[in-house]
Structure formats: C-alpha cells, structure tokens
Amino acid sequence: MRFKEKVAVVTGGGQGIGKAVARGLASEGASVVISDINMTAANKTVEGIKKSYQAKTFAVETDVKKKEAIHNLVALAEKEFGRIDILFNSAGICKRIDIEDISEEEWDDMIDINLRGVFLCSQAVMPIMKRQSEGRILNMASLAGKVGGIAVGAHYSASKAGVICLTKSFARALGPYGITVNALAPGPVETAMIDDWPAEVRADMAKQSPLGRIAKTEDVAEPALFLLSDGAKHITGEILDINGGILMD
Ligand SMILES: NC(=O)c1ccc[n+]([C@@H]2O[C@H](COP(=O)([O-])OP(=O)(O)OC[C@H]3O[C@@H](n4cnc5c(N)ncnc54)[C@H](O)[C@@H]3O)[C@@H](O)[C@H]2O)c1
C-alpha cells in the first residue's frame, strides 16, 4: 500500500492512461479526485474505483483550458481531503493531421489543453504542496515530444516538447520544497486516442519497437505509480521513455 493516506488529483481520469493510474493509486490506498471534461467518463471511473477498492473518490468536471475550473478543482480536493500529495496531469488531446492543414484554432486548442493546462494545474497545486513540504507532479509528455510527430500532428509534438521543458523548470523550482516533478514519454498506447490510426500505421509503429508491440495502459501505469511513490523520492526532472525501445537515448 504505497499510497496510504495520500491524496491524488488526476486530470483526464475519465479514461485511458489517467483512469489506469487513478485506479492504481486507489488500489494502493490513495484518495483520488477524478477530473475530466467528460463527466460521464469521470463518473464511471469513480464508480469503478468504489466497486473495486475501499478508496475515497469523487469526480469534478474540469476543462483544463479554464483557469477558474482548475482552481475550483484544487479547492474542492483540498476542502474534501485537506491536502494534495499527487497531481497526475493526463488530460490531453491528439490529432493526426498534415502540417499544412493545421488551423490556427487547432493549434491554439492543442497548446491550450496539452501545455497550458499542465502549466495551470501544476501552478495551482504548488502553494499546497509547498506548505506540505512534499508532493509529486507527474506529466504526460510523449515520444512525439522528443522526435517530432511520427504518426501525429506537429502541434501535438510541439505541445509535448513544451511539457518536457516545463517539467524540468518545475522540477528545478520545486525541488527545494521536497516536491518532485517528472514526465512520461510513451510511444503509442492502446487508448481511445489512437482509435483512428490506420492498421498500417499501428503495424509500422509496432515494427519500429524491438519488442514488436504497442503499449497497453498498464505498461504506462506501473512506471507512473513508481514515479509517484516514495521509492522515487530522489528522481526529479526525469522524462521517462516508455516506448518499447523505438527510441533509445
Ligand atoms: N495514447 C497514446 O498513444 C499516448 C502516447 C503518449 C502520450 N499520451 C498522452 O497521455 C495522456 C492521456 O491520453 P490517453 O491515451 O489516455 O487518451 P484518452 O483520450 O483516452 O484520455 C484523455 C482524457 O483527457 C480528457 N480531456 C480532453 N480534453 C480535456 C480538457 N480540455 N480538460 C479536461 N480533460 C480533458 C478526455 O476527456 C479523456 O478522458 C494525454 O496527455 C496524451 O497526450 C498518449
């Protein structure tokens, strides 16, 4: 029970990687606030956690594009549980699109959700974690943020490159307060996000990995739980590759 008495906020907790990490945290004793723009999905995650584990949990509708909504989320989490030990920034969007077809609106949306959202959520929990002199922030970057968009849009890869540097800046600023800030950089993971990928693109990505497969959510959740645990207290500013060896750097 690595997360007994810990309080976690998971953005994008309604489905995919956020849901898998939220369930993992709850299974090991954490109280978990599930934040998502999609309340149907968020409520399902909450119901599933309540059914499977003893954990305390509730859902909060949050659009990470909106600062007021984020501050409401953090206030509700603190009011209910008195502290916030863990922030897992998983909310995000992705699009397969050619560079010449990316509109200004799509660019703004991508950056606002994937990058500005991570910034605002992290900034919002900072005062609480500083007061506690401990905390864990874990962000979802991507392989695309390191090598450019292989199968996804340039705006997506740019947003994730931003998350990588934001993670390092937060890690430097918050280290003196006992707060670690890390990111995960997965290659493709079987979630709704890659549902629209053509079979040949999936096959090609799998072929690029020496392991010859595409990740499942548990392949990301397990390393995430480690980085959020006390066992990772000396790891900060790390961008952890989870790509089956597609990129070895
Ligand atoms: N699936 C992959 O291949 C993959 C690879 C690398 C990184 N990632 C990153 O992992 C994270 C989770 O992705 P996933 O694969 O679980 O995708 P997903 O689509 O299954 O889940 C994303 C969640 O974010 C929520 N969301 C979207 N916009 C939001 C907003 N404005 N405010 C709040 N919530 C919002 C969605 O409702 C959804 O529940 C994302 O940041 C994604 O970029 C995914």
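Above this note sits the structure.
(A) Structural detail: unusual backbone geometry. For E5, which is not glycine, the phi dihedral falls at a positive 65 degrees. The topology assignment puts E5 in the segment before β1 (7–11). You can call E5 exposed: its relative accessible area is 67%. Even without a glycine there, the phi angle at S133 is positive, about 60 degrees.

(B) Local environment of the sheet that holds strand β4 (residues 86–89). Taking strand neighbours across the sheet as the criterion, the 7 strands line up as β3-β2-β1-β4-β5-β6-β7 in an open arrangement whose pairing is parallel. Strands with a single pairing partner mark the edges of an open sheet, and in this sheet they are β3 (57–61) and β7 (239–242). Strand-to-strand twist of the sheet, defined as the mean angle between neighbouring strand axes without regard to direction, takes the value 15 degrees. In the sheet, strand β6 (residues 179–186) pairs with β7 via 4 bridges, with the strands oriented parallel. Bridge pairing in β7 links L184 to L240. With respect to the sheet, helix α4 (residues 104–132) is in contact with β1, β4, β5 (135–140) and β6, its orientation differing from that of β4 by roughly 175 degrees.

(C) Up close: the packing of aromatic side chains. Under the counting rule described, the total for this entry stands at 2 aromatic pairs. A centroid spacing of 6.2 Å and a plane angle of 65 degrees characterise the contact between F119 and F170, whose relative ring orientation is edge-to-face. With a gap of 51 residues between them, F119 in helix α4 and F170 in helix α6 (residues 154–174) connect regions that are remote in the sequence. Looking at F170, the relative accessible area reads 9%, which means it is buried.

Cut-offs applied
Residues numbered from 1 in each chain as written. Predicted model: local features only at pLDDT ≥ 70, side-chain atom pairs only at ≥ 80, totals over all residues. Heavy atoms only, no water. Helix = DSSP H or I, 4+ residues; strand = E, 2+ residues; numbered from the N terminus. Buried < 20%, exposed > 50% of the residue type's maximum accessible area, 1.4 Å probe, protein only. Pairing = 2+ DSSP bridges. Axes fitted to C-alpha atoms, helices over the stretch in contact; angles between N-to-C directions. Contact = heavy atoms within 4.5 Å. Phe/Tyr/Trp six-rings, centres within 6.5 Å; stacked < 30°, edge-to-face > 60°.

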